[in-house]
Amino acid sequence: MMNIIFLGPPGAGKGTQSQIVSQRLSIPQISTGDMLRAAVSQKTPTGLKAKAYMDAGELVPDEIIIDLVRERVDEDDCRNGFILDGFPRTVAQARALGQLRPIHAVINLDVPDEVLVKRLSGRRVCPVCGAPYHVDRLKGATTCQVDGTPLVQRADDRAETVLSRLKVYHEKTAPLVAYYEEQGLLRSIGGGLSLEEISEEILKTLEAMA
Ligand code: AP5
């Protein structure tokens, strides 16, 4: 049983890597970004509250997101563990999570800002299953390799919003690196590696921590 957090700035590869690790370990990936985007497109009360924050690249208020995660980790498929992708993002969220469930490992994807800007501006995603792609590797393809849906660009991947997301990350989320380091749970993996090399490095790290 392993409860894992994927930490890192926007575009660090949390979504990409947590999907791979989720399949390999057979535990669910919980992406708060995907949950919020689904709520926005279904126009639920949470989605209606979250939309303006997300469009501006700001964080959604802690109480909204903590409630969402509390309900999700209570679901049956989380019994053998889970991977949190994009949560926690503030010290208040990390404290709330600590009251909900024990955390066994925090994987910090460490990638410089200039690489992140390039990745996010070239990202395309499947609006149905959430699978992320990059235009450089799509070789002209325009549909999802999983379910054939036409790929789209996320509204918050526009250049000006990307810069505010990075600023918010440095101000509000980066302090979590020290927070989890002090608890002996943090393992950082550098961004200079290929996607496949990073997956292997993460799986080896998790095996050593299990
Ligand atoms: P969210 O959806 O979580 O976005 P994010 O953290 O900004 O992260 P991204 O999804 O942009 O990046 P990622 O690290 O998953 O990278 P990816 O794998 O896609 O959140 C969106 C919004 O929701 C927030 O701004 C906020 O408003 C709100 N929100 C969500 N959670 C919240 C919370 N807890 N509290 C408050 N508000 C919250 O990869 C990016 C690109 O790079 C892809 O194209 C990929 O193919 C490519 N790539 C990945 N790895 C590599 C590699 N090694 N080499 C080359 N390319 C790579």
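Residues numbered from 1 in each chain as written. Predicted model: local features only at pLDDT ≥ 70, side-chain atom pairs only at ≥ 80, totals over all residues. Heavy atoms only, no water.

Enquirer: I'd like a rundown of the sheet that holds strand β2 (residues 29-31), residues and numbers included.
Expert: The parallel open sheet is built from 5 strands, whose spatial order is β2-β3-β1-β4-β7. A strand with exactly one partner marks an edge of an open sheet, and here the two such strands are β2 and β7 (186-190). Across the sheet, the mean angle separating the axes of adjacent strands is 20 degrees when strand polarity is ignored. Pairing of β2 with strand β3 (residues 81-85), which is carried by 3 bridges, proceeds in the parallel orientation. By the bridge assignment for β3, Ser31 is matched with Asp85. Contacting β2 and β3, helix α2 (residues 32-41) runs over the sheet at an angle of about 60 degrees to β2. (Pairing = 2+ DSSP bridges. Helix = DSSP H or I, 4+ residues; strand = E, 2+ residues; numbered from the N terminus. Axes fitted to C-alpha atoms, helices over the stretch in contact; angles between N-to-C directions. Contact = heavy atoms within 4.5 Å.)

Enquirer: Break down the site of the ligand for me, with residues and values.
Expert: The immediate surroundings of the ligand are formed by 35 residues, with Thr16, Glu58, Arg89, Arg123 and Arg165 found nearest. Between an oxygen atom of the ligand and a main-chain N or O atom of Glu58, the distance comes to 2.6 Å. The contact in question runs from a nitrogen atom of the ligand to an N or O atom on the side chain of Arg119, over 3.5 Å. Relative to its unbound accessible surface of 1000 Å², the ligand loses 94% to contact with the protein. (Near = heavy atom within 4 Å. Polar contact = N/O pair within 3.5 Å; in protein donor to acceptor, adjacent residues only side chain to side chain. Areas by Shrake-Rupley, 256 points an atom, 1.4 Å probe, with all protein chains shown as cover.)

Enquirer: Talk me through the environment of Leu120; I want residue IDs and the actual numbers.
Expert: Mapped onto the elements, Leu120 comes out in helix α6 (residues 113-121). Note on Leu120: relative accessible area 1%, which makes it buried. Not counting the four nearest positions on each side in its chain, Leu120 is found in contact with Pro10, Gly11, Asp157, Val162 and Arg165. (Buried < 20%, exposed > 50% of the residue type's maximum accessible area, 1.4 Å probe, protein only.)

Enquirer: Lay out the nonpolar core in plain terms, naming residues and giving numbers.
Expert: Across soluble globular proteins, nonpolar side chains have a tendency to be buried as a group. In terms of nonpolar packing, the biggest core is built from 28 residues, with Ile5, Leu36, Leu84, Phe87, Leu97, Val106 and Tyr180 touching the most fellow members. Counting only elements with at least two residues in this core, the list comes to β1 (2-7), α3 (45-55), α4 (62-73), β3, α5 (91-100) and α9 (175-182). A per-element tally of this core places α4 first, with 6 residues. In this structure, Tyr180 is in contact with Ile5, Pro88, Ala94, Leu97, Val106, Leu185 and Leu186, ignoring residues within four places of it in sequence. Core analysis: the second largest hydrophobic core is formed by 21 residues, Ile27, Ile107, Leu120 and Val162 among them. (Core = buried A, V, L, I, M, F, W, Y, C linked by side-chain atoms within 4.5 Å.)

By themselves, these are just geometric observations and shouldn't be taken as functional.
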